[in-house]
Each structure stands twice: as C-alpha cells, then as structure tokens.
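Now for the letters of each chain:
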Amino acid sequence: MNVKALNAKFEEYFGKSDRKISHFLAPGCLKLMGDHVDYNGGSVLTINTPMGIIISISEREDDLINLQSTTENKVVEININDSLKFNPTHGWGNYPVAVIKYLKLAEMPLKGANILFTGDLPSREGLGASAAIEVATGFAMMHLMAKKIDRVALALLCHHAHNEFFDDYSGIGVHFGITNGKAGHALELDTQNLKTKHIEFDTDPFEVLVITPGLEREGHSGIGDKRKDECFRALMILKQKMSIQYLCDATFSDAEDLIEDEVLSARARHVVWENQYVFEASEAIEERSWGDLGESFDASHLSLAGDFQVSSEELDLLVDIVRMIDGCIGAKMTGDHESGSVLALVLKEHFDNLKAIVTERFQAIAGLTPDFFHCTPCKGVHIIK
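The rules behind these values
Residues numbered from 1 in each chain as written. Predicted model: local features only at pLDDT ≥ 70, side-chain atom pairs only at ≥ 80, totals over all residues. Heavy atoms only, no water. Helix = DSSP H or I, 4+ residues; strand = E, 2+ residues; numbered from the N terminus. Rg over C-alpha atoms; globule rule 2.2 N^0.38 Å. Buried < 20%, exposed > 50% of the residue type's maximum accessible area, 1.4 Å probe, protein only. Contact = heavy atoms within 4.5 Å. Areas by Shrake-Rupley, 256 points an atom, 1.4 Å probe, with all protein chains shown as cover. Salt bridge = Lys/Arg side-chain N within 4 Å of Asp/Glu carboxyl O. Pairing = 2+ DSSP bridges. Axes fitted to C-alpha atoms, helices over the stretch in contact; angles between N-to-C directions. Polar contact = N/O pair within 3.5 Å; in protein donor to acceptor, adjacent residues only side chain to side chain. Parallel < 35°, antiparallel > 145°, perpendicular 65-115°, else oblique. Left-handed = near helix turned anticlockwise from the far one by under 90°. Nonpolar A, V, L, I, M, F, W, Y, C, P; charged D, E, K, R; others polar. Phe/Tyr/Trp six-rings, centres within 6.5 Å; stacked < 30°, edge-to-face > 60°.

Topic: the overall build of the chain
So, point 1. Looking only at helices and strands, one finds 11 helices and 12 strands in the chain.
So, point 2. The C-alpha radius of gyration of the chain comes to 21 Å, within 12% of the 21 Å expected for a compact globule of 385 residues.
So, point 3. Out of the 385 residues belonging to the chain, those deemed buried represent 55%.
So, point 4. Contacts spanning at least 24 positions in sequence make up 70% of the contacts within the chain whose residues lie at least 6 apart.
So, point 5. Split by element, the accessible area of the chain, about 16,800 Å² in all, is 46% carbon and sulfur.

Here you go:
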C-alpha cells in the first residue's frame, strides 16, 4: 500500500486534517531456530516476514491518544497524563498502551496522536504480531517526538514494556529481530550479551514457507507460562549442584543426570539442544548447506514436540504431511500449540504441487484449510516513503 492510499485510509477513520500523517511498517518475525530458548539465556535465529503491521500516525493538539485498528470496531482512547494500566476492555489496544506507558516512564515528551493500525500479519500464529504492534508504536511515537532512535534500546524498551505490563516473561528474540533485522539476512542473537550476527540468507533454489493450520484459536491455556515455570524450576535444581546463571549454560549431561524429575529434565534437554541447533542452523546457512538446515529443522521439531511438549496434533500432522512430499527437505513447528505455525524448507519449483497435496490431505484428515506464506527475509521496522 503506497503513501497516498495509506493517507486516504487514515482519513476514513480520523477525518481530514492539515497535520502531517506518517506511516511505518513493523514486519512479523519468526524463529528459524531457538524456540523457548531466548528466555533461558540462549541464542535465537530469526528472520522477518514480508507480512507486517502498518501504523499511521498524526499529532493531535491535546493530550489524547486515539488507537484504531482496521480490523476492530472500537477506538481505544487514553490520556498521556493518566496512569496507564492494563484494561481488559482494550483488547489488542493494550499492546500499544504498554509501550506508551514505558516511554512515559522513560520521561519521553509524549504528544497526543491519532494512530491507525492495519497490515496483513496474522495474529496468534507465532509470527510476532503483538511484538510488531509494540515495536511499531515505539518507533512511530519516537518519530513523532523527533527523537533519534537507538534500535537496540527500542527493542529493550518494548520487550520490558511487554513483560511488565502483561506480567509475562517472554524472551527478547522477536522484539530484537523486528527492530534490528536486515533484508535478505537471518539474525543470530545471543540474548545474554545482545551480540548479533547478520547472516546472508539466500536459499535459492529453496524457500522458507510458513504454513498456518487454519485453527480457530480459543482462549489462553497458559501452556507458555507453565513451560517458563518448569524451566525456572529446572534451573533452580541445577543451581544447587553447579554454578550457572541460565538454563542454556547447562549441558545435555547436566540436564539428563542432575535433574531427577523426568518432566523438568525433558524441558531442560530441549533448551540445551535447541540452543545448539541455533548454531548448527547458522553454520548451515553460512555454508549454504540446505540439507543440513533441513535436518536441524527436523531435529528441532522432535524436541519441541517431545521434550518440550508445545506442539499440537494439527501442527504435528502438518509437519508429517509436508515432510513426505517431494521437494521438502525439512519442516518444524514454531511457537506453541496456542499460537503456532509450521516452517518448511522446500524447492521453489515444487511449491504449487506441495500446496495442493498438503491442502487436500490436511482437509481430509483434520477438516481444516491451511494457509501458505512465502517468507523472504525482510528489513526491520522502518518508515514508509
């Protein structure tokens, strides 16, 4: 969507004004490798998606911030002078409010604004939709205040805002990828020291596909919170027996031999192995060894579905179907059963055949219609000109 069309869309919701309208795009972000590792002190390998969240913003003369989404009917209105708190009636609006609150706490000179959110990034599919909303909000507000943007600092602020506002303990990998990713590259991030490595990621003649299962997501079972708690408990056990700071500092033998509880041992094994798969996948991409990358995909899925138990029947079925089709050399889930998708590394020339077969078989067995997205690595949050 070009600037002229974005301006027209903004005016549909907020009316015409002489004030400048600015537009920004925050891409989605998916973890090629490193699921459930970044909140355990490990590394994560991400790429940004072509789909994203577009935010259009115009300054107001008062202290109100009006948040509007093209997919929601209600306007979320806040006053920058108020104490900003989580409000169940705000729904999706809590994500931008969280970032605005922490910009305020950082003593930024906030301004009133009309803000419109649009875009094509699916929510609850493990593609970083909430993080994209948060980063887009921070980036747009900083531009409105004419502040120089430090992308690392922005990722840290948005990540901190999310965790504090929602009483969460998510890792920083997706926020960091959305702020710091480069077009045509994967981003390897060490979450302990924030050291990064941008790796050229031209998979030709293969491509990364994102396949969503077409589920109607219902509620929140708390599986992610439960896994984080289990990882913390595993870490506490290991800390009694050895000197480590994060679960990723342990070895496979530590997880296997020093944790008697079978469930906690399994959770720790996944974290240790998945962290290693990040480095193996990075090396495979650097060497253009796509067969090795596909093997890393397969191994990661076994760990996520087995030791970490965050997959679902639908995601496992999709992975199994995709793997059996000519042209696919690896597939894995990303996210969890509440908000997960399947990543597949496939030959481009086989896409049409793969899509037809996967759709037919998945509909026949699961009664669901999957969606397919081509995923060429895209740059991080930016202004649309």
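Description of the pattern of salt bridges
So, point 1. As enumerated under the stated definition, the model contains 15 salt bridges in all.
So, point 2. The salt bridge involving Lys31 is made with Asp38; its shortest N-O contact spans 3.2 Å.
So, point 3. Residue Glu230 is joined to Arg267 by a salt bridge in which the shortest nitrogen-to-oxygen separation is 2.7 Å. Of this pair, Glu230 sits in helix α6 (residues 223–239) while Arg267 sits in helix α8 (residues 262–286), and the two are 37 residues apart along the sequence. The burial state of Glu230 is the same as that of Arg267; both residues are buried.
So, point 4. In the salt-bridge network here, residues are joined through shared partners; they are Arg227, Glu230 and Arg267.

Here's the deal with the sheet that holds strand β8 (residues 206–212)
Where strands meet in a sheet, backbone hydrogen bonds hold them as pairs that are either parallel or antiparallel.
So, point 1. Strand order across the open sheet formed by 4 strands is β9-β10-β8-β11, with antiparallel pairing between neighbours. Two strands lie at the open edges of the sheet, namely β9 (328–334) and β11 (371–374), each paired on one side alone. Averaged over all neighbouring strand pairs, the angle between strand axes comes to 25 degrees, with direction disregarded.
So, point 2. The pairing of β8 with strand β10 (residues 341–347) spans 6 bridges and is classified as antiparallel. Across the sheet, Phe206 pairs through a bridge with Leu347, a residue of β10.

Considering the side chain of Lys31
So, point 1. When you line up the elements, Lys31 lands in strand β1 (residues 22–33).
So, point 2. A relative accessible area of 12% places Lys31 in the buried class.
So, point 3. A polar contact is formed between the side chain of Lys31 and the side chain of Asp38, at a distance of 3.2 Å.
So, point 4. Those residues in contact with Lys31 that sit more than four places away from it in its chain are His36, Asp38, Val44, Leu45, Thr46, Val174, Lys332, Thr334 and Leu343.

Overview of the environment of Gln245
So, point 1. Note on placement: Gln245 falls in the loop between α6 and α7 (252–257).
So, point 2. When the C-alpha atoms of Gln245 and Asn40 are compared, they prove to be 9.4 Å apart, with 205 residues separating the residues in sequence.
So, point 3. Setting aside residues no more than four positions away along its own chain, Gln245 makes contact with Leu235 and Lys239.
So, point 4. A distance of 3.5 Å separates the side chain of Gln245 from the side chain of Tyr246, its partner in a polar contact.

A look at the packing of helix α3 (residues 129–144) against helix α4 (residues 151–165)
So, point 1. Packing of α3 against α4 leaves a shortest axis separation of 10 Å and a crossing angle of 125 degrees. Between α3 and α4, the crossing angle belongs to the class labelled oblique. Crossing geometry of α3 relative to α4 is assigned as right-handed. Contact residues: Ser130, Glu134, Val135, Gly138 and Phe139 in α3; Arg151, Leu154, Cys158 and His162 in α4.
So, point 2. Split into classes, the residues belonging to the contact of α3 with α4 amount to 4 nonpolar, 3 polar and 2 charged.

Section: the pairing of β10
So, point 1. Among the 7 residues in β10, 6 count as buried, and that is most of the element.
So, point 2. Taken together, the 6 bridges between β9 and β10 define a ladder with antiparallel strand orientation. Bridge pairing links Met333 to Val342 in β10.

Overview of the packing of aromatic side chains
So, point 1. Under the counting rule described, the total for this entry stands at 11 aromatic pairs.
So, point 2. Each ring, one from Phe10 and one from Phe14, has its centre 4.9 Å from the other, and the planes form 40 degrees; the classification is tilted. Of the two residues, Phe10 and Phe14 both sit in helix α1 (residues 3–14), 4 residues apart, roughly one turn of that helix.
So, point 3. By relative accessible area, which is 3% here, Phe10 ends up buried.

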